[in-house]
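# Residue-level structure breakdown
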Amino acid sequence: MSVTERYENAKEVYEKWGVNVEGALEQLQNVPISIHCWQGDDVSGFEVNQQELSGGIDVTGNYPGKAKTPEQLRSDLEKALSLIPGKHRVNLHMIYAETNGEVVERDQLEPKHFENWVNWAKENGLGLDFNPTLFAHPKADDGLTLSHPNKEVRDYWIRHCIASRKIAAYFGKELGTPALTNIWIPDGYKDIPSDRLTPRQRLKDSLDEIFKVEIDEKYNIDAVESKLFGIGSEAYVVGSHEFYLGYALKNNKLCLLDTGHYHPTEVVSNKISAMLLYSDQLALHVSRPVRWDSDHVVILDDELKEIGMEIVRNGALDKVRIGLDFFDASINRVAAWTIGTRNMIKSLLYAMLQPNQHLKQLQEEGNFTERLALMEEFKTYPFGAIWDYYCEKMGVPVQETWLEEVNAYEKEVLSKR
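Just so you know, these numbers come straight off a predicted model, no measurement behind them.

## Overview of the nonpolar core
- Core analysis: the biggest nonpolar cluster contains 124 residues, and Leu146, Phe171, Leu207, Ile311 and Leu348 have the highest contact counts within it.
- For this core, the leading source of residues is helix 5 (residues 151–175), giving 12 residues.
- Excluding residues that lie within four positions of it along the chain, Ile311 makes contacts with Ile272, Leu284, Ala316, Leu317, Val320, Ile322 and Leu348.
- In this structure, Leu180, Ile221, Leu254 and Ala283 belong to the second largest nonpolar core, which totals 6 residues.

Listed below in structure tokens is the structure:
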């Protein structure tokens with residue numbers, strides 16, 4: 001049976017519950033996922049004076065084929081994007097600047113250092129997002145940046161974040177789609193602090209200084225990202241969820257939720273609807289924590305499905321900016337991008353194919369028996385046939401055939417690095 005025949009049969013099954021399958025596919029292809037560049041080079045970046053990773057970040061594995069130049073990284077991203085249905089975005093960190101061999105301090109970087117990225121994005125019809133890099137630097141060696149007790153250190157990182165926002169605005173203006181600039185810092189303490197308030201006051205003051213510089217939201221959208229703990233900051237993180245949630249709401253910034261930045265039993269899916277009542281927009285970094293924020297490749301697990309559900313059934317596809325954040329060096333890096341991004345898109349399609357309005361009505365009526373029965377039965381509905389058709393329609397490999405292209409690319413390109 002062909003992909004189209006299987007699709008038509010599956011479509012009929014869903015449509016008996018009032019699910020508009022064709023409408024779902026049309027909607028899905030207009031949802032961009034912001035794909036993180038740092039999966040391709042293990043968060044190394046291209047600084048001339050490259051530093052070891054720090055800030056509680058660890059990349060494990062040494063699979064061959066890591067991108068070592070901007071050209072290699074862009075080539076690898078192109079290969080991954082050719083295997084992923086839809087039009088998407090690419091998320092950059094400041095350490096991916098290209099300075100032509102010149103040492104340029106992070107607080108001095110300018111749009112010109114990202115011209116190659118913008119030209120590449122234009123050629124490929126991509127939007128770009130951005131992040132200041134407040135780790136892997138001598139001024140972050142003690143694990144403190146924007147909350148540092150030394151004003152000189154704080155000021156350096158304030159200038160760095162302001163420069164990042166200006167670069168992001170350049171992206172937005174050139175590409176015709178606003179860049180999301182997300183601020184995450186590693187600040188915290190390994191052991192129990194004697195003062196939790198003062199570092200948070202300094203962080204608040206630093207953020208206020210950064211955002212004093214007005215940038216048109218037509219080109220740049222600001223977000224702040226929390227964390228529960230990191231390696232070296234197990235006891236206390238300055239930028240906690242509560243801190244950034246309060247700051248974002250008070251200052252009209254996006255609160256970015258990283259799925260790996262919470263307690264192992266805490267889930268981001270449960271936060272989305274609550275936060276959307278008070279925020280016009282949210283941002284996500286979707287990762288897969290395994291006992292800690294280990295940034296494993298995203299799989300189609302129950303939590304990813306619930307994230308998709310919360311976005312789709314609450315009509316929030318235009319309110320939640322979805323990005324990815326994982327870095328696995330133990331497997332082929334192009335495959336990691338492909339697996340993770342396809343799964344994020346699958347979770348949205350899976351949610352679109354549920355009889356969401358009917359299920360909501362059952363809950364309102366108190367008919368929990370039918371609600372549970374239908375939610376369980378739909379888990380084995382022919383979702384895969386719809387997904388395969390969508391991939392074929394979008395001109396990307398169906399099912400696992402994409403792996404053949406990755407294997408060929410590894411043999412022809414990655415293995416020769």
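## Concerning the environment of Phe383
- Locating Phe383 in the fold gives a position in helix 13 (residues 383–393).
- Accessibility expressed as a relative area gives 11% for Phe383, which makes it buried.
- Excluding its chain neighbours within four sequence positions, the residues that come into contact with Phe383 are Tyr14, Leu300, Lys346, Leu349, Tyr350 and Leu353.

## What about the layout of surface pockets?
- Here the largest pocket defines a volume of roughly 550 Å³.
- Along its surface, the largest pocket is lined by 19 residues, and Glu306, Met309, Arg313, Leu359 and Met375 are the ones closest to its centre.
- Listing elements by their share of the lining of the largest pocket, those giving two or more residues are helix 9 (302–313), helix 11 (356–365) and helix 12 (368–377).
- A total of 6 residues in the lining of the largest pocket trace back to one element, the largest contributor, which is helix 9.
- A breakdown of the residues in the lining of the largest pocket according to their chemical character gives 4 nonpolar, 5 polar and 10 charged.
- Quantified by volume, the second largest pocket comes out at close to 370 Å³.
- Thr259, Arg288, Pro289, Asp301 and Glu303 are the residues nearest the centre of the second largest pocket, which is lined by 22 residues in total.
- Looking at the lining of the second largest pocket, the element that brings in the most residues is helix 9, giving 3 residues.

## Notes on the pairing of strand 2 (residues 89–93)
- Counting buried positions along strand 2 yields 5 of 5 residues, so the element is predominantly enclosed.
- Burial along strand 2 is two-sided: Arg89, Asn91 and His93 facing one way and Val90 and Leu92 facing the other are all buried.
- Of the strand pairs in this sheet, strand 1 (residues 34–36) and strand 2 are connected by 3 bridges, and their pairing is parallel. In the sheet register, His36 faces strand 2, and the bridge partner there is Asn91.
- Pairing geometry for strand 2 and strand 3 (residues 127–131), over 5 bridges, is parallel. From the neighbouring strand, Val90 faces strand 3, where its bridge partner is Leu128.

Parameters and conventions
Residues numbered from 1 in each chain as written. Predicted model: local features only at pLDDT ≥ 70, side-chain atom pairs only at ≥ 80, totals over all residues. Heavy atoms only, no water. Core = buried A, V, L, I, M, F, W, Y, C linked by side-chain atoms within 4.5 Å. Buried < 20%, exposed > 50% of the residue type's maximum accessible area, 1.4 Å probe, protein only. Helix = DSSP H or I, 4+ residues; strand = E, 2+ residues; numbered from the N terminus. Contact = heavy atoms within 4.5 Å. 1 Å grid on protein atoms, 1.4 Å probe; cavity = no way out; pocket = protein on both sides within 12 Å on 5 of 7 lines; lining within 4 Å. Points joined across faces, edges and corners; volume = space filled by probe spheres on them. Nonpolar A, V, L, I, M, F, W, Y, C, P; charged D, E, K, R; others polar. Pairing = 2+ DSSP bridges.

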